[in-house]
Amino acid sequence: SSSSSSSTPEQQDSSKKTERRKRVLSGAQPTGILHLGNYYGAVRNYVDLQEDQDAFYTIVDLHAITVAHDPKELRESTRTTAALYLAAGIDPSKATIFVQSQVRAHSELSWLLQCATPIGWLERMIQFKEKSRKLRSQPADDDGEESAAKKSVESVSTGLFTYPVLMAADILLYKADLVPVGEDQKQHIELTRDIAERINGTYGGRKWKKRG
């Protein structure tokens, strides 16, 4: 006879249903070009992760519009990037591939998080400082001092400044356990943690109940 400590078939089925695989989320801007650096640095890892992770891979076109762009070219490169993912071995039956802008919850959650994120946190973001400095250093079409000064002020969009909050929304929306990023994005991961803690501390748990 079986041991009294053995689980019943019903209990085993219940355990299988409640077991959750680790979730990975990764996004790439739609360049439309897959070179060896992309493949060995990211996409090959995506292919491996889809085997034992709950994998979500997004083409982050909303991030791409934080700088000057051609809408037609962006649409084409978005489709091309999706096709390259498939060609590289990402299997839609194992992983979810989607375009960021087609899931409106990304921009909706981003706005909610922006309203709770101190501006000082964003001012500390190194990547924003580097990108904005690069944009401002580009020569103006007109060599006049007034034109150059105007370009310096207007060349950097608000979207570039709040970019890290949109990235935080991307991550928190899917409750990702693993978010593979490069060294230049690690500060944004830390910001995501800080924003989540601030939201939970302000609106979650017992404090939320007291406000009800």
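Everything below is about the structure shown above.
Everything in this summary refers to the structure shown in the same document. From a predicted model like this one, the values you see are computed outputs, not experimental measurements.

### Looking at empty space enclosed by the protein
Moving on, step 1. All chains considered together, the criterion is met by 1 cavity of 30 Å³ or more.
Moving on, step 2. What the largest cavity holds in volume is close to 40 Å³.
Moving on, step 3. For the largest cavity, the full set of lining residues is Q127, F128, K131, L160, Y163, P164 and H188.
Moving on, step 4. Mapped onto the lining of the largest cavity, the elements with two or more residues apiece are α7 (126–137) and α9 (158–173).
Moving on, step 5. When the residues that make up the lining of the largest cavity are grouped by side-chain class, the tally is 4 nonpolar, 2 polar and 1 charged.

### A short note on the layout of surface pockets
Moving on, step 1. Computed from the structure, the second largest pocket encloses a volume of approximately 160 Å³.
Moving on, step 2. Lining the second largest pocket are L62, I65, T66, S107, S110, W111, Q114, G159, T162, Y163 and L166.
Moving on, step 3. Secondary structure elements with two or more residues in the lining of the second largest pocket: α5 (105–114) and α9.
Moving on, step 4. A class-by-class count of the residues in the lining of the second largest pocket yields 5 nonpolar, 6 polar and no charged.

### Structural notes on the packing of aromatic side chains
Moving on, step 1. Tallying each qualifying case throughout the model produces 4 aromatic pairs.
Moving on, step 2. Ring centres 4.4 Å apart and planes at 15° place the aromatic pair Y46 and Y57 in the stacked group. Here Y46, found in helix α2 (residues 36–49), pairs with Y57, found in strand β2 (residues 54–59); they are 11 residues apart in sequence, far enough to count as distant.
Moving on, step 3. Residue class for Y46 comes out buried when judged on its relative accessible area of 5%.
Moving on, step 4. Pairing F56 with Y174 gives two aromatic rings, centres 5.2 Å apart and planes at 40°, and the pair type is tilted. In this pair, F56 is assigned in strand β2 and Y174 in the loop between α9 and α10 (186–203), connecting sequence segments 118 residues apart.
Moving on, step 5. Here Y174 falls in the buried class, since its relative accessible area comes to 11%.

### Considerations on the pattern of salt bridges
Moving on, step 1. All chains considered together, the criterion is met by 5 salt bridges.
Moving on, step 2. A salt bridge links R23 to D54, with the shortest nitrogen-to-oxygen separation between them at 2.9 Å. Of this pair, R23 sits in strand β1 (residues 23–28) while D54 sits in strand β2; the two residues are 31 residues apart in sequence, bridging distant segments of the chain.
Moving on, step 3. The salt bridge partner of R104 is E108, with a shortest N-O separation of 3.5 Å.
Moving on, step 4. Accessibility expressed as a relative area gives 44% for E108, which makes it partly exposed.

Thresholds, definitions, all that
- Residues numbered from 1 in each chain as written.
- Predicted model: local features only at pLDDT ≥ 70, side-chain atom pairs only at ≥ 80, totals over all residues.
- Heavy atoms only, no water.
- 1 Å grid on protein atoms, 1.4 Å probe; cavity = no way out; pocket = protein on both sides within 12 Å on 5 of 7 lines; lining within 4 Å.
- Points joined across faces, edges and corners; volume = space filled by probe spheres on them.
- Helix = DSSP H or I, 4+ residues; strand = E, 2+ residues; numbered from the N terminus.
- Nonpolar A, V, L, I, M, F, W, Y, C, P; charged D, E, K, R; others polar.
- Phe/Tyr/Trp six-rings, centres within 6.5 Å; stacked < 30°, edge-to-face > 60°.
- Buried < 20%, exposed > 50% of the residue type's maximum accessible area, 1.4 Å probe, protein only.
- Salt bridge = Lys/Arg side-chain N within 4 Å of Asp/Glu carboxyl O.

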